[in-house]
Amino acid sequence: AQSVTQLDSHVSVSEGTPVLLRCNYSSSYSPSLFWYVQHPNKGLQLLLKYTSAATLVKGINGFEAEFKKSETSFHLTKPSAHMSDAAEYFCVVGNSWGKLQFGAGTQVVVTP
Amino acid sequence: IAGITQAPTSQILAAGRRMTLRCTQDMRHNAMYWYRQDLGLGLRLIHYSNTAGTTGKGEVPDGYSVSRANTDDFPLTLASAVPSQTSVYFCASSSQARNSPLHFGNGTRLTVT
């Protein structure tokens, strides 16, 4: 069985300040982990993925995430938020045969 | 531009009516998926297809059917729509290599009245 929990439904940050989106997972197997971003009226777009290589994963648009097995976490960070980062973000866990479980999403608001 | 095309973009449908949501991809991906997105629930898998000619049930298949006659097209049909099927529907595809990312369409916003 696998599950994913995004710990914050909404995050508000000021432009230029760091962003932290928290994700915890549970999996019976060595998981694959993904972060997707969804802008208004658009489909989801892959930000980054972890597949048992380096634990610190760099993605597009300056985002990165760190896989911490001991904490079963895969938090997403960005050093400096931009207005264009306002969107909804989804953490996703996948098992060894490709079944995906989506988190409920975190809505990010960026204020000037 | 390569990608996934969904149609219609939005639709208001009377309960009891039949509706087919269309999805076409031009990336020659083997696997295709239909998800519904509801507030606070993330995305939930309705049906999937690992290759042309095969389909499977996802997490919430009841009330929906799919077909996969060829690689490019994966239509989703609601035989008799109910208000609980009001949602945003996303079609996605992947190359099906293990851990390959999903490519999403822009969604169909469906309201069943």
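Residues numbered from 1 in each chain as written. Chains lettered and ligands numbered in written order. Predicted model: local features only at pLDDT ≥ 70, side-chain atom pairs only at ≥ 80, totals over all residues. Heavy atoms only, no water.

How should I be thinking about the environment of His10 of chain A in this particular structure?
Residues and elements named next belong to chain A. In this structure, His10 sits in strand β2 (residues 10-14). The contact partners of His10, leaving out residues within four places of it in the chain, are Thr106 and Gln107. A distance of 3.3 Å separates a polar atom in the side chain of His10 from a polar atom in the side chain of Ser9. (Helix = DSSP H or I, 4+ residues; strand = E, 2+ residues; numbered from the N terminus. Contact = heavy atoms within 4.5 Å. Polar contact = N/O pair within 3.5 Å; in protein donor to acceptor, adjacent residues only side chain to side chain.)

Just checking my understanding: could you explain the interface of chain B and chain A for this structure?
By convention, interface size is frequently given as the accessible area that disappears when the constituent parts associate. Taken together, the 17 residues of chain B in the interface contact 19 residues of chain A. Around 1400 Å² of area is buried between chain B and chain A when both sides are counted, 53% of it from carbon and sulfur atoms. Per-residue buried area on chain B facing chain A is highest for Leu43, Asn99 and Phe104 of chain B; these three make up 34% of the total on that side. Our enumeration of links across chain B and chain A arrives at zero salt bridges. Connecting chain B to chain A are three residue pairs in polar contact (both at pLDDT 80 or more). Among the elements of the structure, β4 (31-38) and β5 (42-49) of chain B are those that each provide at least two residues to the side of chain B that touches chain A. By residue class, the composition of the side of chain B that touches chain A is seven nonpolar, seven polar and three charged. (Buried area = accessible area lost by both parts, 1.4 Å probe. Salt bridge = Lys/Arg side-chain N within 4 Å of Asp/Glu carboxyl O. Nonpolar A, V, L, I, M, F, W, Y, C, P; charged D, E, K, R; others polar.)

Sorry if this is basic, but what is going on with the packing of aromatic side chains here?
The description of an aromatic ring pair uses the distance of the two centres, along with the angle that the planes make with each other. Residues and elements named next belong to chain B. Applying the stated criterion across every chain, the model contains 12 aromatic pairs over all chains. Seen from their ring centres, Tyr33 and Tyr35 are 6.3 Å apart, and the 35 degrees between their planes marks the pair as tilted. In terms of burial, Tyr33 and Tyr35 fall into one category: buried. Ring plane angle 45 degrees and centroid distance 6.1 Å describe the contact between Tyr35 and Phe104, whose orientation is recorded as tilted. Of this pair, Tyr35 sits in strand β4 while Phe104 is found in strand β10 (residues 103-104), placing the two residues 69 residues apart along the sequence. Each member of the pair, Tyr35 as well as Phe104, is classed as buried. (Phe/Tyr/Trp six-rings, centres within 6.5 Å; stacked < 30°, edge-to-face > 60°. Buried < 20%, exposed > 50% of the residue type's maximum accessible area, 1.4 Å probe, protein only.)

Help me understand the state of the cysteines in this model?
A covalent bond between the sulfur atoms of two cysteines is referred to as a disulfide. Applying the stated rule across the entire model yields two disulfides over all chains. Paired through a disulfide, Cys23 of chain A and Cys91 of chain A show a sulfur-sulfur distance of 2.0 Å. Residues Cys23 of chain A and Cys91 of chain A share a disulfide whose torsion about the S-S bond is about -70 degrees; that sign makes it left-handed. Of this pair, Cys23 of chain A sits in strand β4 (residues 23-27) while Cys91 of chain A sits in strand β10 (residues 87-94), placing them 68 residues apart in sequence. Cys91 of chain A carries the same exposure label as Cys23 of chain A, and that label is buried. The side chain of Cys23 of chain B participates in a disulfide bridge whose partner is Cys91 of chain B; the two sulfur atoms lie 1.9 Å from each other. On the sign convention where negative is left-handed, the bridge of Cys23 of chain B and Cys91 of chain B, at about -70 degrees about the S-S bond, is left-handed. In this pair, Cys23 of chain B is assigned in strand β3 (residues 19-25) and Cys91 of chain B in strand β9 (residues 87-94), connecting sequence segments 68 residues apart. (Disulfide = S-S within 2.5 Å.)

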